[in-house]
Amino acid sequence: MRIGTAAALVVTLSATATAATGLTGPAAATGAPAGVRTLAGDPIPDEWKNRTSLRILPGRPRQNNDVRLFAHCPEAANHVIIGSTAFNLKGSTRLYREVGESLSDRGLARRSVSISYFALPGPHQVLMKCVVVTMNQKTRIRKIKVISRYAVPLLVRRFRMAQFFD
């Protein structure tokens, strides 16, 4: 008797939610608005599929800190290249360093990068390119086609020893 009551209550609540939102079909089951395709419970609007975006956390890092890069590229891309003057390595003669990361099926990538102690404090640009990389297996020659680009400003603050003792 209790199971039947609980099942009737669940059916009643789902019917009420469907009537309130005006959705029918698979969108009503997930609660997503019309025109939204769901993948494993994560609704992503169709117009966001071909967007290019880059997020850096924390937004204002200090010298000698690590930052997390979150990239999103269009579905056509299979690789992302992110570069900046803030990522240069100790002892390297290059001022600009690029890091690459492969993309998931949904066009997402994440990576951790160190801000160099030798990076100059102040504003830097972080440039991202979403690319399609194809390789001829016989000749081992790679072709790189740029799909989209994106730039984000990054403010590097001066290193302070006191940050470890706060």
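The model shown is predicted, which means the values in this text are computed figures rather than measured ones.

**Considering the state of the cysteines**
Thought 1: Counted according to the given criterion, the structure contains one disulfide.
Thought 2: Sulfur-sulfur distance for the disulfide between Cys73 and Cys130 comes to 1.9 Å. Its S-S torsion of about -70° marks the bond between Cys73 and Cys130 as left-handed, since a negative value means left-handed. Of this pair, Cys73 sits in the loop between strand S4 (66-72) and strand S5 (79-84) while Cys130 is found in strand S8 (residues 122-136), placing the two residues 57 residues apart along the sequence. Of the two residues, Cys73 and Cys130, both sit in the buried class.

**Side note on unusual backbone geometry**
Thought 1: Following Leu57, the chain continues into Pro58 via a peptide bond in cis, with omega recorded as -5°.
Thought 2: One can find Pro58 in the loop between strand S3 (53-57) and S4.
Thought 3: One non-glycine residue, Asn64, lies in the positive phi region at around 70°.
Thought 4: Its place among the elements puts Asn64 in the loop between S3 and S4.
Thought 5: Positive phi values are uncommon outside glycine, yet Arg140 reaches one of about 60°.

Definitions and limits used
Residues numbered from 1 in each chain as written. Predicted model: local features only at pLDDT ≥ 70, side-chain atom pairs only at ≥ 80, totals over all residues. Heavy atoms only, no water. Disulfide = S-S within 2.5 Å. Helix = DSSP H or I, 4+ residues; strand = E, 2+ residues; numbered from the N terminus. Buried < 20%, exposed > 50% of the residue type's maximum accessible area, 1.4 Å probe, protein only.

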